[in-house]
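Here are the chains, one letter per residue:
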Amino acid sequence: MEGTHTMPEAAAPAVPPTPPVTLQALLAREDLALRRIAGPTDPGIAIHWAHTSEMADPYPYLLGGELLLTAGVHVPRDGTGLAAYFDGYVSRIVAAGGAALGFGVAPVHDTVPRALVAACDAQGLPLLEVPPQTTFSGVARAVWQLMAQARLAELRRVTEAQQSLAAAASRPDPVPSVLRRLAQRMSGHTVLYGPDGTEVAQAGRGTPQDDVRAALAELAGVVRPTARAATAVDLSSGGAPAPAAPGAPRPLPTSATDTLGATHLAVYALGAGEGFVLGVATARRDPGDHTIASVAAVLLSLLTGEHQSGAGAARSSALVRLLLGAPPGEVAPLLGTGRWLVVHARPESQAPDAVAASALGAALGTPLVDLARDVVRVLVPAGRRPGPQPGWTLGVSGAVEPDEWPAADTQAARALARARATRTPLVRHTARPALKDLVAPADAETHARALLAPLTGHGALAETLRTWLSLHGSWDRTAVALGVHRNTVRQRIGRCAALLDADLDDPDVRMELWFALRHT
């Protein structure tokens, strides 16, 4: 492989960087009327920006890739020694990495000096004649316009690639589909390596040469979690191996690139340490390719991660057993041991989506997430005490055994309703010895059924009464908790009072009703 060190890639920007424009595209602008009069005619010569300078030695002010524009003010007026002067001038531009030189024929010079033409031909620097009617600012503006067009085209290409990769991931054969789509979008060859380094799947036209396959497989070892930490490279040292404290493991890069002849190689570690690696070999590398490949890597991480692991298989097995009628107590050991909490969460600004729900589950330390219409339900081991989450309102149940999950679900729902009504980020269900513990459960339930019998069949009325009493008779808070208008709350409470034939302003009545509702 060319080069002495494998270079891990820095994190991809949110959008691809601005691509350069070709000198050929600039010459094609009829409004500029530029003319190439010396130097190479390679159509792939790239221009990164335009810079104007009348310095006799512009070297200190060039970054590389410039179209340097000059009117020749710095050229000696006596005309002697021009060949040597221009040889030195052009050599400094070439040494600085300048892409091309544009010489304006007005107002200082009527023609481009022949010695400059000879020097550019000799040293391989493209030389453009800038006619009198074309200003240097006009040339610079044209370069930026072409760059903006190229950037827009690259953004469009990246966006279309992201959409097509997402569509491929939803197919019945998602992993091969994503690899095929990525190979098509990057006009190359893609490989998915397993944790042991074997090729799990591959896609692309034809089969790469053996040396390319071997080089790509070797590069994949650099980012694989089982790779030795000594293969890590420090970007700040220009690709040299990073120094590390004695005995301290060096972090592995998440991606790396290299070249083999004219072939560009790139690899991406997938997931959170499962050992899968995506490899890509292409004939060229455009600015947006890293972004496109990173999207594919994320999708493949989801497809090869959790469901391929033992924990993922256990969760899948637990779901199947529940659907087939197994009691929760028998299924729970597949998910983990101990007691559980049920969390109901609702975002503060908008309805939850799958991405937000997954992120919440990750923040709470569990993948057991259910996205409902407007609430996310999360099953959390009791040892991970959930805390407030920015942007969310949470209701947390008490810690329960698996056979009490349904009751905990109800507790979490009521805790969330109270949290929303009181504008509290998190409310926990609390269970402590109270008056109800002084009455036998069977007697309490019998009394509750008799007292609340008039509300039988009126589920909305009973729930409204329960919420209204829990919020100390607040119409507004009850309306918020139930998601209805405050007038609806008034009407329902009035209906409850009529059916129960009770004075709901009497605190003794309220206490008795609350006691009964706690036992239904």
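Rules used in this analysis
Residues numbered from 1 in each chain as written. Predicted model: local features only at pLDDT ≥ 70, side-chain atom pairs only at ≥ 80, totals over all residues. Heavy atoms only, no water. Helix = DSSP H or I, 4+ residues; strand = E, 2+ residues; numbered from the N terminus. Contact = heavy atoms within 4.5 Å. Areas by Shrake-Rupley, 256 points an atom, 1.4 Å probe, with all protein chains shown as cover. Pairing = 2+ DSSP bridges. Axes fitted to C-alpha atoms, helices over the stretch in contact; angles between N-to-C directions. Salt bridge = Lys/Arg side-chain N within 4 Å of Asp/Glu carboxyl O. Buried < 20%, exposed > 50% of the residue type's maximum accessible area, 1.4 Å probe, protein only. Expected span 1.5 Å × (residues − 1). Arc of directions from axis to C-beta. Right-handed = clockwise from strand over helix to strand, strands pointing away.

**Notes on the overall build of the protein chain**
Along the backbone of the protein chain there are 16 helices and 18 strands. Long-range pairs, those at least 24 residues apart, make up 65% of the contacts in the protein chain with a sequence separation of at least 6. When the accessible area of the protein chain is evaluated, it comes to approximately 26,700 Å², of which 55% is carbon and sulfur surface.

**With respect to the sheet that holds strand β5 (residues 49–52)**
Judged by pairing direction, the sheet is mixed, and its 5 strands sit side by side in the order β3-β8-β7-β6-β5 without closing on themselves. Lying at the two open borders of the sheet, with one neighbouring strand each, are β3 (35–38) and β5. Going across the sheet, the axis of each strand differs from the next one's by a mean of 30°, ignoring polarity. Direction of pairing for strand β6 (residues 66–70) relative to strand β7 (residues 100–104): parallel, over a ladder of 4 bridges. When the bridges of β7 are listed, Leu-69 appears paired with Gly-102.

**With respect to the pattern of salt bridges**
This model, assessed by the stated rule, comprises 13 salt bridges. The salt bridge involving Asp-374 is made with Arg-346; its shortest N-O contact spans 3.7 Å. Highlighted residues: Asp-374 in the loop between β15 (369–371) and β16 (376–381) and Arg-346 in strand β14 (residues 340–347), separated in sequence by 28 residues. Note that Arg-486 and Asp-476 form a salt bridge whose closest N and O atoms lie 2.6 Å from each other. Here the residue Arg-486 occupies a position in helix α15 (residues 486–500), and Asp-476 occupies one in helix α14 (residues 475–482), the gap between them amounting to 10 residues. Overall, the relative accessible area of 30% leaves Arg-486 in the partly exposed class.

**Comments concerning helix α6 (residues 210–223)**
End to end, α6 covers 21 Å across 14 residues, agreeing with the expected 20 Å (1.5 Å per residue, within 8%). Regarding α6, the residues found buried are Val-212, Ala-215, Leu-216, Leu-219, Ala-220, Val-222 and Val-223. Down the axis of α6, the smallest arc covering the buried residues is 145°, so these residues share one side. When the buried face of α6 is taken as reference, the exposed residues oriented beyond 90 degrees from it are Asp-210 and Glu-218.

**Comments concerning helix α3 (residues 114–123)**
Structural remark: α-helix, 3.6 residues per turn; residues separated by three or four positions point the same way. Taken as a whole, α3 has its buried residues at Leu-116, Val-117, Ala-119 and Cys-120. Summarising the axial view, the buried residues of α3 lie within an arc of 165°, below the 170-degree limit, and thus occupy one face. Among the exposed residues of α3, those oriented more than 90 degrees off its buried face are Arg-114 and Ala-122. Buried-residue contacts for α3 involve β3, α2 (82–95), β7 and β8 (127–130). Remark: Gly-124 follows α3 within two positions and exhibits a positive phi of approximately 70°.

**Describing the pairing of β7**
Where burial is concerned, most of β7 is hidden: 5 out of the 5 residues are buried. Because side chains alternate across β7, one face comprises the buried residues Ala-100, Gly-102 and Gly-104, and the other comprises Leu-101 and Phe-103, equally buried. Each parallel crossover has a hand, and for β6 linked through α2 to β7 it is right-handed. Note: β7 against β8, 4 bridges, orientation parallel. In the sheet register, Leu-101 faces β8, and the bridge partner there is Leu-127.

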